[in-house]
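Here are the chains, one letter per residue:
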Amino acid sequence: MASYRWRSATTGDVPAIRDLVALCDPDGPDAERIAADLRRPGLQLALDTRVVEDEDGVIVARAWVDRRSEADVHPAHRGRGLGGELLSWIEGRAVKAGSEQVAQTVRDEDVAAGALMVAHGFEAMVTSWMLEKVLDDEPEAGEMSGITVRAYRESDARAAYDMVEDAFQKLQGRRLEFAEWEQQTVGRSDFAPEFSPVAFDGERIVGAVLTLADGYVERVAVDQAYRSRGIARLLLRRAFRDLQEKDIRSCTLWTHSALGLYQRAGMVVRRSATVYRKGLVTPERSG
């Protein structure tokens with residue numbers, strides 16, 4: 001590793017990290033998501049992030065860890081041990097931070113990366129799918145008795161947060177703080193309230209589809225007491241129609257649950273990824 005320089009990431013690295021990520025995965029996180037990751041509450045840039053520069057000062061690898069992790073290595077610099085070094089650093093940092101496990105998502109077409117995860121003791125946990133709906137002459141969404149639907153408003157933020165996090169807590173294993181949730185969803189500069197329908201039963205928010213300006217859906221959630229009534233499908237159809245009317249030609253999202261729901265709404269699987277997880281032995285647990 002003598003020809004590489006390791007250091008912590010800074011917010012000024014976001015454009016260079018985005019260029020690296022785009023080379024590794026064209027559908028990977030955009031600059032705003034990367035910036036939001038670096039601002040995650042509790043994440044310490046000096047301790048929880050690393051970038052690797054080549055002899056010319058170009059960032060050719062990066063990683064961060066905070067219960068879950070991400071890592072990328074420039075295609076031209078693979079096969080030199082950087083991936084393994086990053087995974088070892090991720091595990092070591094997670095142990096020092098007191099995490100009991102760490103999880104990372106790997107594209108299924110990246111067979112070498114999946115094999116590297118397994119070689120480092122990670123186990124495949126769940127499959128995620130990227131789905132797409134090509135938008136062409138979308139029908140009206142229709143109506144549902146007792147449920148009203150309108151576009152998201154800024155005043156909905158807290159109630160939407162509570163509903164969405166209640167819906168996702170079991171899947172993601174923890175409840176995001178409002179600030180982190182906001183950074184990832186309605187606080188993004190490209191969040192599109194006009195494409196983000198919200199369902200109400202009276203004054204109560206019971207469902208939401210939160211969408212970005214390019215047609216990417218950040219969240220689909222329905223209150224547990226209102227599931228299996230077709231609310232998610234109704235909201236998706238509303239979003240499809242609104243996007244299509246603004247000449248946006250496709251809608252995409254990632255999910256690791258409710259695949260059938262999205263397929264019934266007309267979405268098809270474009271690619272898949274696997275979430276790998278490794279349990280960690282911290283000093284407190286081993287002692």
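Check the entry above for the structure.
Residues numbered from 1 in each chain as written. Predicted model: local features only at pLDDT ≥ 70, side-chain atom pairs only at ≥ 80, totals over all residues. Heavy atoms only, no water.

Once that is clear, we can look at the overall build of the chain. Looking only at helices and strands, the chain has 10 helices and 12 strands in total. Relative to its length of 287 residues, the chain is compact, with a C-alpha radius of gyration of 20 Å against a globular reference of 19 Å. In terms of principal-axis extent, the alpha carbons of the chain reach across some 65 × 45 × 30 Å. The 287 residues of the chain split such that 49% are buried. A sequence separation of at least 24 residues applies to 71% of the contacts in the chain between residues at least 6 apart. Summing over all exposed atoms, the chain offers an accessible surface of approximately 14100 Å²; the carbon and sulfur share of this is 47%. Each charge sign in the chain was given a centre, from 39 positive and 47 negative side chains, and these centres are 3 Å apart. (Helix = DSSP H or I, 4+ residues; strand = E, 2+ residues; numbered from the N terminus. Rg over C-alpha atoms; globule rule 2.2 N^0.38 Å. Buried < 20%, exposed > 50% of the residue type's maximum accessible area, 1.4 Å probe, protein only. Contact = heavy atoms within 4.5 Å. Areas by Shrake-Rupley, 256 points an atom, 1.4 Å probe, with all protein chains shown as cover. Lys, Arg positive; Asp, Glu negative; His and termini not counted. Charge placed at Lys NZ, Arg CZ, Asp CG, Glu CD.)

For any two helices packed against each other, one specifies the inter-axial angle together with the distance between the axes. Contact pair helix H1 (residues 14–24) / helix H2 (residues 31–38): the axes reach a minimum separation of 9 Å and the direction vectors enclose 120°. As far as their axial angle goes, H2 and H1 are oblique. Crossing of H1 against H2: the hand is right-handed. Taken together, the residues of H2 that come into contact with H1 (itself represented by Val-14, Ile-17, Arg-18 and Val-21) are Ala-31, Ile-34, Ala-35 and Leu-38. (Axes fitted to C-alpha atoms, helices over the stretch in contact; angles between N-to-C directions. Parallel < 35°, antiparallel > 145°, perpendicular 65-115°, else oblique. Left-handed = near helix turned anticlockwise from the far one by under 90°.)

Turning our attention to H1. Among all positions in H1, only Val-14, Ile-17, Arg-18, Leu-20, Val-21 and Cys-24 are buried. For H1, the arc enclosing every buried residue in end-on projection is 160°, short of the 170-degree limit, so these residues lie on one face. Every exposed residue of H1 that faces more than 90 degrees away from the buried side is listed here: Pro-15, Asp-19 and Leu-23. Where H1 is buried, its residues contact H2, strand E2 (49–53), strand E3 (59–66), strand E4 (68–73) and strand E5 (101–107). (Arc of directions from axis to C-beta.)

Here we take up the sheet that holds strand E1 (residues 5–7). Strand order across the open sheet formed by eight strands is E1-E2-E3-E4-E5-E12-E6-E11, with mixed pairing between neighbours. Two strands close off the open sheet at either side, each with one partner strand: E1 and strand E11 (250–255). Within this sheet the neighbouring strands show an average axis-to-axis angle of 20°, counted without direction. Relative to E3, E2 is paired through five bridges, and the arrangement is antiparallel. Pairing of Val-51 across the sheet is with Arg-62, part of E3. Contacts from H1 reach E2, E3, E4 and E5 within the one sheet, and its direction differs from that of E3 by about 95°. Taken strand by strand, helix H4 (residues 82–96) contacts E1, E2, E3, E4, E5 and strand E12 (268–279), and its axis lies near 25° from that of E3. (Pairing = 2+ DSSP bridges.)

Moving on to the nonpolar core. Counting residues in hydrophobic clusters, the biggest one holds 30 residues, and the most contacted among them are Val-220, Ile-231, Leu-236, Leu-253 and Tyr-262. By residue number, the principal contributor to this core is helix H8 (residues 231–245), which donates eight residues. Ignoring any residue separated from it by four or fewer positions in sequence, one finds Tyr-262 in contact with Leu-131, Val-220, Leu-236, Leu-253, Thr-255, Ser-257 and Met-267. Grouped together as the second largest cluster of nonpolar side chains are 20 residues, Ile-90, Val-95, Met-117 and Phe-122 included. (Core = buried A, V, L, I, M, F, W, Y, C linked by side-chain atoms within 4.5 Å.)

As enumerated under the stated definition, the model contains 34 salt bridges in all. One salt bridge in this structure joins Asp-190 and Arg-188, with 2.8 Å as the shortest N-O distance. Residue Arg-188 is classed as buried on the basis of its relative accessible area, which comes to 5%. Within this structure, Asp-25, Asp-27, Arg-107, Glu-109, Asp-110, Glu-132, Arg-270 and Arg-271 form a network of salt bridges that share partners. (Salt bridge = Lys/Arg side-chain N within 4 Å of Asp/Glu carboxyl O.)

Quick look at empty space enclosed by the protein now. Which parts of space are left empty comes out when a probe the size of a water molecule is rolled across the atoms. Applying the stated rule across the entire model yields one cavity of 30 Å³ or more. Its volume calculated, the largest cavity comes out at about 50 Å³. Along its surface, the largest cavity is lined by Ala-9, Ile-17, Ile-34, Asp-37, Leu-38, Thr-49, Arg-50, Arg-62, Ala-63 and Trp-64. Taken together, the elements giving at least two residues each to the lining of the largest cavity come down to H2, E2 and E3. Taken together, the residues of the lining of the largest cavity sort by class into six nonpolar, one polar and three charged. (1 Å grid on protein atoms, 1.4 Å probe; cavity = no way out; pocket = protein on both sides within 12 Å on 5 of 7 lines; lining within 4 Å. Points joined across faces, edges and corners; volume = space filled by probe spheres on them. Nonpolar A, V, L, I, M, F, W, Y, C, P; charged D, E, K, R; others polar.)

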